[in-house]
Structure formats: structure tokens, C-alpha cells
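Understanding the architecture of this molecule
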Amino acid sequence: MAASDVAYRPATDADTRAINEVGERAFDDLARRHGWSDTPIDEAGIERELEAQCSLYRHLSETADQFWVAEQQGRIVGVARSIVRGDLRELTELFVLPDAQGIGIGAELLRRAFPKKTSETRCILSTPDLPALACYLKAGVAIRFPNYGFARPPRDAPLSTDLSFEPLTGRKEMLQALDEIDDVVLGHRRTVDHRWLVADRPGWIYRRQGNVAGYGYAGRQSGPFALLDPADFPVVLAHAEAMVARAGHETFSVVVPMMNESAIAHLLGRGFRLDPFFSYLMSDKPFGRFAQYIETTPTFFL
Ligand SMILES: CC(C)(COP(=O)(O)OP(=O)(O)OC[C@H]1O[C@@H](n2cnc3c(N)ncnc32)[C@H](O)[C@@H]1OP(=O)(O)O)[C@@H](O)C(=O)NCCC(=O)NCCS
């Protein structure tokens, strides 16, 4: 394939299926290259994954700032998308089909979806794929820390605490409280993401003596969690795990910034296993208090 055959254009709703297939095939190839998986994904696997994540993909499409595809003779071979929340631009996806990699498509998509000249802080949750890292480092972001998944079958064993747990709803006052926690922990607001998260998975706001102490989401997929005091991670993770066990899910898994010592000590102490797949948080400047944070799964945005 020649780079000169490739055209770039903004994505449309009609591209949804093809774009998601590019993401699944590129990720599957990466997983097999790294030994995280040994069975190639088939059509049925792609359909299952699309169905499982269709609400997330719709949310990202509806709230994207830049959303580009690369096309060769009518076939979509690459995709890149970024979202802007407050003063943070996040790259949510960059994927090129395995047979189209290595000829400059990824770098060109990145230039369009994740421009260097922008006033926002720029951030990526990157796979450890070497071409991806090379593209990102050249685009001016640096590795800040790795994130690892921790998982196990959930147990219903909450810890005693003075925190109270109130189920999250999309009520205005509640979204306002979540925004205020994000101001402190991440340094920006993302109300549209909380609206989507509240509809997608169970969540709770944590209070101590009536004062907001943090929030967390846990269900078929879990995260994000943000706490004003990281010492509360054992209690909120034990509560979240118990809720996931009671809902009958087979696994409780969370993706943790590796400087979140409070969460890591709790999870390893309870027998959680580290997942071999990991990601890096990359950004063009330091931001956020990630010892007080656990990321959203699946790993598309913070
Ligand atoms: C990451 C990805 C999108 C890149 O797309 P691509 O079209 O292959 O990328 P390009 O050809 O534009 O650029 C790759 C760059 O990596 C460089 N590169 C590759 N391996 C490298 C290595 N080991 N060390 C240094 N540079 C390396 C290449 O030289 C090239 O840079 P150059 O054009 O300046 O020479 C694609 O490889 C992919 O889909 N990977 C799997 C999915 C993934 O992990 N995506 C990232 C999600 S966060």
C-alpha cells in the first residue's frame, strides 16, 4: 500500500461500524504481538465487542472535538479521535489496520485529531505499542506514569466506615458535586462524561459527616473513582467490590495509576491479580492528582 493512495476526511455516523472494526483489528494484532492473547479475533468477536461498547462509542462520537478517518479506495484503514473537556484535550483512539501500518497514516491522523498548536493541556492514555509511543513522543507528550488493571472474582466483604454511600443520579446538584471533585483531583470538569457514566453503570457519591469525600462507579465495567483523601480507597474499593458481587458480575476490575499507593496496597492485600496489559498516561505538561484517582474502564479516556 502506498501513502499517496490514502485520503483523510472527518468521520461521519455512516463510518461507525468500519471505524470500530479498525480499532478491534488493530488492538487484536497488538495483543497477539505482545502475547496478551493467542487467538485471532473473528467476525463474531468483533460484533460482540461492538455491541458491548456501543453506548461508549456513541458517547465519544457525540462529544468528539476532532474525529478523522483515513481511507484507501473506499476502505477505512485508520481512525483518530479526540475530546476536549474544560482545558484538557484527550486522544481517545488512534488505530491503523495492521496491513496499512508503517507508512505514515498514524502520524497524519494524529496531526489532524491531536494538533500541537492548541491552548489546551494534551493527554493520551497510550498502549505500550512502540510505533504508538514513537508517534506520541514526536507529537510532544511525555510519559508521566503507567496504569495497570487489577482484577479478581468479586467478594461481598465491605469494610466498616464512617463514610456514607449515596447512589449517583443525573440530578443537577449531584453533577455539580462531581464537577467540584474533578476540579480538585483532575483540574478540569467533564459533566458530559458523568451524564453518560451515570446512565451506563452504578455509581455513588461518598460523604463524611455530610461533606462530599469523593465518587466512584462500579458495575459490569468500573471506574472512575476520585477521592479527596486517598486513605479512603480501601473502604470505597471494598464497597464497590461488594456491589459488583451482589449484582452477580463475574469480575471486578479497576485500572489504577501506579502512584496510587493506597489503592494498590488494598488490591494486592486482597489477592487481586495484575493484568499484563498496561497503559501509560502521557501529557505535554503535568496535571492532576493521580494518587487520588482510578481510571474509567475500558481505557479510552480518564
Ligand atoms: C500506533 C499506530 C496507530 C501507528 O500507526 P502507523 O500508521 O503504523 O504509524 P506511522 O507509520 O505514521 O508512524 C510510526 C512511527 O513509529 C516509528 N517507530 C516504529 N517503531 C519504532 C521503534 N521501535 N522506535 C522508534 N520509532 C519507531 C516509525 O519510524 C514511524 O515514525 P516516522 O514516520 O517518523 O519514521 C498503529 O501502529 C496501531 O494501530 N497500533 C496498534 C494500536 C495501538 O496501540 N494504538 C494506540 C492506541 S493509544
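Parsing the protein chain into structural domains produces domain 1 (3-140) and domain 2 (150-275 + 289-294). For domain 1 versus domain 2, the separation of C-alpha centres amounts to 28 Å. Facing the 10 residues of domain 1 at the interface are 10 residues of domain 2. Interface area, domain 1 with domain 2, both sides summed: about 770 Å², of which 51% is carbon and sulfur. Summed over the three residues of domain 1 that lose the most area to domain 2, namely S55, H59 and R85, the buried surface amounts to 50% of that side. At the junction of domain 1 and domain 2, the tally comes to 1 salt bridge. Of the charged contacts in the structure, one is a salt bridge between D193 and R85, with a shortest N-O distance of 2.8 Å. Between domain 1 and domain 2 we count 5 residue pairs in polar contact (both at pLDDT 80 or more) in total. The element that contributes the greatest number of residues to the side of domain 1 that touches domain 2 is helix α3 (residues 54-62), accounting for 3 residues.

In spatial order, the strands read β1-β2-β3-β4-β5-β12-β6-β11; together these 8 strands make up an open sheet with mixed pairing. The sheet terminates laterally at β1 (6-10) and β11 (252-257), the two strands that pair on one side only. Shown here is a sheet whose adjacent strand axes are inclined to one another by a mean of 20 degrees, direction ignored. Looking at chain direction, strand β4 (residues 88-96) and strand β5 (residues 121-126) are connected through 4 bridges and run parallel. Residue pairing across strands places L88 opposite T121, the latter belonging to β5.

A separate point is the site of the ligand. Near the ligand you find 23 residues, and of these G102, G104, G106, T127 and K138 are the closest. Measuring from an oxygen atom of the ligand, one finds a backbone N or O atom of A107 at 2.9 Å. For the shell around the ligand, the elements supplying multiple residues, two or more each, are α1 (16-33), β4, α4 (105-113), β5 and α5 (130-138). In terms of residue count, α5 provides more of the shell around the ligand than any other element does, 7 residues in total.

What follows concerns the packing of aromatic side chains. Throughout the structure, instances matching the rule amount to 12 aromatic pairs. For the pair F145 and F290, a centre-to-centre distance of 5.1 Å together with 50 degrees between the ring planes defines the contact as tilted. Of this pair, F145 sits in strand β6 (residues 142-152) while F290 sits in the loop between β12 (273-283) and β13 (293-294), placing them 145 residues apart in sequence. Considering the side-chain rings of F165 and Y206, the 5.5 Å spacing of their centres and the 80 degrees angle between planes classify their relative orientation as edge-to-face. Within this pair, whereas F165 is found in strand β7 (residues 163-167), its partner Y206 is found in strand β8 (residues 203-208), the two being separated by 41 residues in sequence. With a relative accessible area of 25%, F165 lands in the partly exposed category. Members of the aromatic cluster, each reached through a chain of ring pairs, are F145, F287, F290 and Y293. R81 extends its terminal NZ or CZ atom over the ring of F67, reaching a point 4.1 Å from the ring centre. The lysine or arginine in question, R112, covers the ring of W68, its NZ or CZ lying 5.0 Å from the ring centre.

Reading guide: rules and limits
Residues numbered from 1 in each chain as written. Predicted model: local features only at pLDDT ≥ 70, side-chain atom pairs only at ≥ 80, totals over all residues. Heavy atoms only, no water. Domains from an automatic or database assignment. Contact = heavy atoms within 4.5 Å. Buried area = accessible area lost by both parts, 1.4 Å probe. Salt bridge = Lys/Arg side-chain N within 4 Å of Asp/Glu carboxyl O. Polar contact = N/O pair within 3.5 Å; in protein donor to acceptor, adjacent residues only side chain to side chain. Helix = DSSP H or I, 4+ residues; strand = E, 2+ residues; numbered from the N terminus. Pairing = 2+ DSSP bridges. Axes fitted to C-alpha atoms, helices over the stretch in contact; angles between N-to-C directions. Near = heavy atom within 4 Å. Phe/Tyr/Trp six-rings, centres within 6.5 Å; stacked < 30°, edge-to-face > 60°. Buried < 20%, exposed > 50% of the residue type's maximum accessible area, 1.4 Å probe, protein only. Lys NZ or Arg CZ within 6 Å of the ring centre and 35° of its normal.

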